[in-house]
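In case you want the letters, here they are:
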Amino acid sequence: MPTDFTAPIMAASSVLDHWLAYKRTMGRLPGLSVGLVYKETLLFQKAYGYADVEHHQPTSPTTGYRIASFSKIFTAIAILQLAEQGKLHLDDRAQQYLPWLTSLHDERTARITLRQLLTHTSGLDRDGATPHWVDFQFPSLAQIQQHIAEGAQSYTPAEIWKYSNLGYTLLGAIVHVVSGVPYEAYVHQHIIQPLGLTSTSPTLAPEIEQHLAVGYGRDIPGQERERLPAIETHVMASATGFTSNVPDLCRFMTAQLTRETTLLTD
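Since we're looking at a predicted model, the values are computed, not measured. Starting afresh in each chain, residues are numbered from 1 along the sequence in its written order. Given that the model is predicted, a residue must reach a pLDDT of at least 70 before its local features are reported, and side-chain atom pairs must reach 80 or more before they are shown or counted; all residues, however, enter totals for whole chains, interfaces and linings. Where side-chain values are given, they derive from all heavy atoms of the structure, hydrogens and water being excluded.

Student: Talk me through helix 7 (residues 183–195); I want residue IDs and the actual numbers.
Tutor: Strands are runs of DSSP state E lasting at least 2 residues, helices are runs of H or I lasting at least 4, and numbering of each runs from the N terminus. Given a helix with a known number of residues, its expected span is that number minus one, times 1.5 Å. With 13 residues, helix 7 should cover 18 Å at 1.5 Å per step; its first-to-last C-alpha distance of 17 Å lies within 8% of that length. Residue Q189 marks the point of greatest curvature in helix 7, where the axis turns by about 35°. Regarding helix 7, the residues found buried are Y183, Y186, V187, I191, I192 and L195. It only takes one pair of heavy atoms within 4.5 Å for two residues to be counted as in contact. Elements in contact with the buried residues of helix 7: helix 2 (71–84), helix 6 (165–179), helix 9 (237–240) and helix 10 (246–254). G196 occupies a position one or two residues after helix 7 and carries a positive phi of about 70°. Working definition for bend: take the seven residues up to and ending at a residue and the seven starting at it, fit an axis to each, and measure the angle between the axes. Exposure is judged per residue with a 1.4 Å probe applied to protein chains only, and the accessible area is read against the type maximum: over 50% gives exposed, under 20% gives buried, and values in between give partly exposed.

Below is the structure:
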């Protein structure tokens, strides 16, 4: 018979609790919120430190955070849903849906498939040509198109694994084209709402932002952490724009388990 590990996990969570509190203090982390899921049950949930250090606002289990590249999982699911509906095929060329995905400087761009975009094997560079991680000004679709036209290939498609935010930006644009609705509207209707996620969004809606932890820069000895602004990622939301919290992400995770068919068939 299948073994149930609920009891030992609950016992171990006591150790985890003390370890996380220690790591937060010794690691000079402003704050964190944690959830531990076993099978389909949230067994442990706790928050440590501050969501806003300067105002001594403590974190809570429902504090919101920018979840960065976890955003890509939402985008991958959206593409797979459209594939299950027969609206696209994973080995289709991306240019079939984005006719502008071509470059006079590099014919390889026209050969990229959806599967290669999903698996970071398209050969595209990581982030395009804009300094958005420095100046927080994320590019428009027109800027992405210009970069593609000027040549965005680091490698030949399917030649090597290379992480690419640019690739998942293109997948978001494909979701828009194939579904007929903006990417943000699609994920709300087909992923966020069916799962009952109340604190998850690809954009910084006011009701999301009011529960959001302050972002802080890296820990430099002898200095206070830099307080960073909350920023919109615009067309790159499908790669890195989402905000969520522990309860929502735990529910999202359980939706990927076998026999859970809210989002995708097994």
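Student: Describe the pairing of strand 1 (residues 31–38), naming the residues involved and giving the relevant values.
Tutor: Any two strands between which DSSP finds at least two bridges are classified as paired. Relative to strand 2 (residues 41–52), strand 1 runs antiparallel, the two sharing eight bridges. Pairing of G31 across the sheet is with G49, part of strand 2. From the end of strand 1 to the start of strand 2, which pair antiparallel, there are two residues, and K39 there has a positive phi angle of about 55°.

Student: Provide a residue-level description of the side chain of D106, including the pertinent values.
Tutor: Within the secondary structure, D106 sits in the loop between helix 2 and helix 3 (114–118). For D106, a relative accessible area of 14% corresponds to the buried category.

Student: Can you lay out helix 1 (residues 6–26) for me, pointing to particular residues and giving the numbers?
Tutor: In a regular helix each residue adds 1.5 Å, so 21 residues correspond to 30 Å; helix 1 covers 30 Å between its end C-alpha atoms and thus fits that length. Elements in contact with the buried residues of helix 1: strand 1 and strand 2. Of the residues one or two after helix 1, R28 is the one with positive phi, at around 55°.

Student: Give a description of a nonpolar patch on the surface that names residues and reports values.
Tutor: A contiguous nonpolar patch, built from W19, Y22 and M26 and spanning about 390 Å² of accessible area, is present on the exposed surface. Tracing the backbone through its elements, the reader meets Y22 in helix 1. Residues with no salt bridge and a relative accessible area higher than 30% make up the patches, which join like charges within 9 Å and nonpolar side chains (Val, Leu, Ile, Met, Phe, Trp, Tyr) within 5 Å. Note on areas: these come from Shrake-Rupley sampling with a 1.4 Å probe, and a residue is covered only by the protein chains present in the view. One side-chain nitrogen of Lys or Arg within 4 Å of one carboxyl oxygen of Asp or Glu is enough to make a salt bridge.

Student: Give me the packing of aromatic side chains: which residues, what numbers.
Tutor: Between the rings of Phe, Tyr and Trp (Trp by its six-membered ring), a pair exists once the centres lie within 6.5 Å; its type follows the angle of the planes, with under 30 degrees stacked, over 60 edge-to-face, and the other angles tilted. In total, this model carries six aromatic pairs according to the counting rule given. Ring plane angle 85° and centroid distance 5.1 Å describe the contact between W133 and F138, whose orientation is recorded as edge-to-face. Since its relative accessible area comes to 46%, W133 is described here as partly exposed. On the basis of relative accessibility, which here comes to 7%, the residue F138 falls in the buried class. Members of the aromatic cluster, each reached through a chain of ring pairs, are F74, Y183, F242 and F252.

Student: Break down the environment of T62 for me, citing the residues and quoting the values.
Tutor: Note on placement: T62 falls in the loop between strand 3 (57–58) and strand 4 (65–66). We classify T62 as partly exposed; its relative accessible area is 46%. Taking the C-alpha atoms as reference points, T62 and V246, separated by 184 residues in sequence, lie 6.3 Å from one another. Setting aside its immediate chain neighbours within four residues, T62 contacts N245 and P247.

Student: Got a sec to walk through the nonpolar core? Specific residues and values, please.
Tutor: If you look at the biggest cluster of nonpolar residues, it comprises 42 residues, and the most contacted ones within it are L88, I174 and I191. Only helix 2, helix 3, helix 5 (141–150), helix 6 and helix 7 provide two or more residues apiece to this core. Of the residues forming this core, the biggest block, eight residues, is contributed by helix 6. For L88, the residues in contact, after removing those within four places along its chain, are I79, L82, A83, Y97, L114, I174 and V178. Only buried residues count toward a nonpolar core. Its members are Ala, Val, Leu, Ile, Met, Phe, Trp, Tyr and Cys residues joined through side-chain atoms within 4.5 Å. Listed in part, the five residues of the second largest apolar core include L20, L32, F44 and Y48.

Any link to function would need more than the numbers given here.
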